[in-house]
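Residues per chain are reported as follows:
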Amino acid sequence: MLTPDGGLTLEPDQTESVPRDECGVFGVWAPDEDVAQLTYYGLFALQHRGQESAGMAVSSGQRIMVFKDMGLVAQVFDESTLKSLPGQMAIGHTRYSTGGSSTWNNAQPTFRSFEDGTGLALAHNGNLTNTGELEAWLHERAPETKVHSKRGAMDSTSDTALISALMVSYGDRPIEEVTLEVLPRLKGAFSLVFMNERTLYAARDPQGVRPLVLGRLHQGWVVASETAALDIVGASFVREIEPGEFIAIDEAGLRSQRFAESRPKGCIFEYVYLARPDTTIAGRSVHTTRVEIGRQLAREHPVEADLVIPTPDSGTPSAIGYALESGIEFGLGLVKNAYVGRTFIQPSNTIRQLGIRLKLNPLREVIDGKRLVVVDDSIVRGNTQRALVRMLREAGASQVHVRISSPPVEWPCFYGIDFATRAELIAPGLTVDDICRSIGADSLGFVSLEGLTEATTVPAERLCRACFDGQYPISIPPEQAKLLGIQTEEDL
Ligand code: SF4
């Protein structure tokens, strides 16, 4: 529905297909290692990708045990739990969701049994955009199967449950054969790790929207959302799982198959905000890319100032880049409480507002009387920056110039990131001056989309940039395409 201010809201039944997730996935095949503990460390490294629930499934070779709960990785697992999960391979998941679907039922990995009593555990990062079609297909194949949550409606984890239900609907046919039938029917973003009792599998959607990498242990293999998770478990980086690739790992080694042609459209927001700075994407550390974005920002939006400060921690590399390029001194003017989750993923607006104050405290003696450049990674709803500017002025800053290392977020994401509806975004319909006034800054500058793209060193045609330019590379549900008045590249 169009709101009076030109924004767009979705009716409750339509919001069900709006993405809620940004998750981390991990898988390990290593019969000689303590796989539960490795998965724990892997999930720990991926905690930033999801902080509401965590889980793992471990296979002993004969049976699969699943343990998952609400909370951070360190809250969900303790030593005795990990000791009770012996096995030769495991998969794990960290999950973020918005309030409505933040329940134990939706924690992952999901688990389903085949008719012969064997099982399938599956973890998913991304969001499917054709769940309606897939539900109808599942209904044809196995009318009695239910994948709905207790709320009676599809939610973000149900698309994960839907994938397992479709696979299990093939009865006792080999999983590799079944996967090659099911995966080509999925649309949207999916980086998957899954396993039965004997084999670990991983797959990535043909566009490779979400990252997924392969690593090698001395005697074993690891797959993970980010290379930082490989580092933490002592695995060496082998390569990215290719878009459209499906791999299987077991005693016979690693087998790779293609279920679709590769049409890369990696999420540009991974570079800006989502991935860890010590992760490598496309052969380059995210930190280096962010420093380069900061340099670009300084070239595009120079200003006379005394000090460049970051909004810690994700604004730090770009603030370093801005300071290097502009010659303005770099300093730390804000202290972050590391134990508070990212503000943009808190479930409710009230908590989000409170979260800003809990999270950041200004260093008065550093900023008092100074003209500040404050570098942040994005403006999604504007609440963080508004509170921040006010806080810095109260702490004595004489000027506050805000610089953002991404363009304005103007469109919702359908591929796994919770930007919610257009009506909740600050940018649509507002000029940069309007936004500047709204957050109370002396000046405001966003890096251009071209500048950001250049900083990634990845060609524009290999990136998804839809939340900035509205050019959606993959089909989205037809009713939402109609509401937004867009045609996706896949539908053209
Ligand atoms: S719409 Fe934005 S956040 Fe979503 S996948 Fe594309 S670039 Fe990433």
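Source: prediction; values computed, not measured.

What counts, and at which threshold
Residues numbered from 1 in each chain as written. Predicted model: local features only at pLDDT ≥ 70, side-chain atom pairs only at ≥ 80, totals over all residues. Heavy atoms only, no water. Buried < 20%, exposed > 50% of the residue type's maximum accessible area, 1.4 Å probe, protein only. Helix = DSSP H or I, 4+ residues; strand = E, 2+ residues; numbered from the N terminus. Pairing = 2+ DSSP bridges. Axes fitted to C-alpha atoms, helices over the stretch in contact; angles between N-to-C directions. Contact = heavy atoms within 4.5 Å. Phe/Tyr/Trp six-rings, centres within 6.5 Å; stacked < 30°, edge-to-face > 60°. Lys NZ or Arg CZ within 6 Å of the ring centre and 35° of its normal. Near = heavy atom within 4 Å. Nonpolar A, V, L, I, M, F, W, Y, C, P; charged D, E, K, R; others polar. Parallel < 35°, antiparallel > 145°, perpendicular 65-115°, else oblique. Left-handed = near helix turned anticlockwise from the far one by under 90°. Lys, Arg positive; Asp, Glu negative; His and termini not counted. Salt bridge = Lys/Arg side-chain N within 4 Å of Asp/Glu carboxyl O. Polar contact = N/O pair within 3.5 Å; in protein donor to acceptor, adjacent residues only side chain to side chain.

1. Some thoughts on the pairing of strand S17 (residues 307-310)
So, step 1. Residues Leu-307 and Ile-309 line one face of S17 and the alternating positions Val-308 and Pro-310 line the opposite face, and both faces are buried.
So, step 2. Relative to strand S20 (residues 371-376), S17 runs parallel, the two being bridged by four bridges. Residue Pro-310 lies in a different strand from S20, and its bridge partner there is Val-375.

2. A closer look at the sheet that holds strand S9 (residues 213-217)
So, step 1. Strand order across the open sheet formed by seven strands is S3-S2-S4-S1-S10-S9-S11, with antiparallel pairing between neighbours. Each edge of the open sheet is held by one strand with a lone partner, namely strand S3 (64-70) and strand S11 (236-240). In this sheet, adjacent strand axes meet at a mean angle of 15° when their direction is disregarded.
So, step 2. Where S9 meets S11, four bridges bridge the pair, whose relative direction is antiparallel. Paired with Val-213 across the strands is Glu-240, a residue of S11.
So, step 3. Where helix H2 (residues 35-45) meets the sheet, it contacts strand S1 (24-29), strand S2 (53-59), strand S4 (89-95) and S9, and its direction lies at approximately 25° from that of S4.

3. Remarks on the packing of aromatic side chains
So, step 1. This model, assessed by the stated rule, comprises twelve aromatic pairs.
So, step 2. Here the aromatic rings of Tyr-40 and Tyr-41 are separated by 5.5 Å at their centres, their planes lie at 70°, and the arrangement is edge-to-face.
So, step 3. Look at Tyr-41 and you get partly exposed, because its relative accessible area is 38%.
So, step 4. Where Phe-269 meets Phe-468, the ring centres are 5.8 Å apart and the plane angle is 35°; that geometry is what we call tilted. On the criterion of sequence distance, the pair formed by Phe-269 in helix H9 (residues 269-274) and Phe-468 in helix H17 (residues 466-469) is long-range, its members being 199 residues apart. Both residues of the pair, Phe-269 and Phe-468, belong to the buried class.
So, step 5. Pairwise contacts between aromatic rings join Tyr-40, Tyr-41, Phe-44, Phe-67 and Phe-77 into one cluster.
So, step 6. Here Arg-185 stacks its cationic end above the ring of Trp-137, 3.8 Å away from the centre of that ring.
So, step 7. When the ring centre of Trp-221 is taken as origin, the NZ or CZ atom of Arg-216, which lies over that ring, is 4.0 Å away.

4. Here's the deal with the site of the ligand
So, step 1. Of all residues adjacent to the ligand, which total 13 residues, the nearest are Arg-210, Cys-267, Cys-413, Cys-464 and Cys-467.
So, step 2. Its residues assigned to classes, the shell around the ligand comprises eleven nonpolar, no polar and two charged.

5. Quick word on the packing of helix H5 (residues 131-141) against helix H6 (residues 158-168)
So, step 1. Where H5 meets H6, the closest approach of the two axes is 10 Å, and the angle between their N-to-C directions is 30°. If you check the angle between H5 and H6, you find them roughly parallel. In the packing of H5 onto H6, the handedness of the crossing is left-handed. Taking contact as the criterion, the partners of Thr-131, Leu-134, Glu-135, Trp-137, Leu-138 and Arg-141 in H5 are, on H6, Asp-159, Leu-162, Ala-165 and Leu-166.

6. Quick look at the side chain of Glu-197
So, step 1. Considering the arrangement of structural elements, one finds Glu-197 in the loop between strand S7 (188-195) and strand S8 (200-204).
So, step 2. Buried charge Glu-197 goes without a salt bridge, the closest partner of opposite sign being Arg-198 at 7.2 Å.
So, step 3. In terms of polar contacts, Glu-197 uses its side chain to reach the backbone amide nitrogen of Gly-119, at 2.9 Å.
So, step 4. Leave out the neighbours within four places in its chain, and Glu-197 touches Ser-59, Gly-61, Gln-62, Arg-63, Ile-64, Gln-88, Met-89, Thr-118 and Gly-119.

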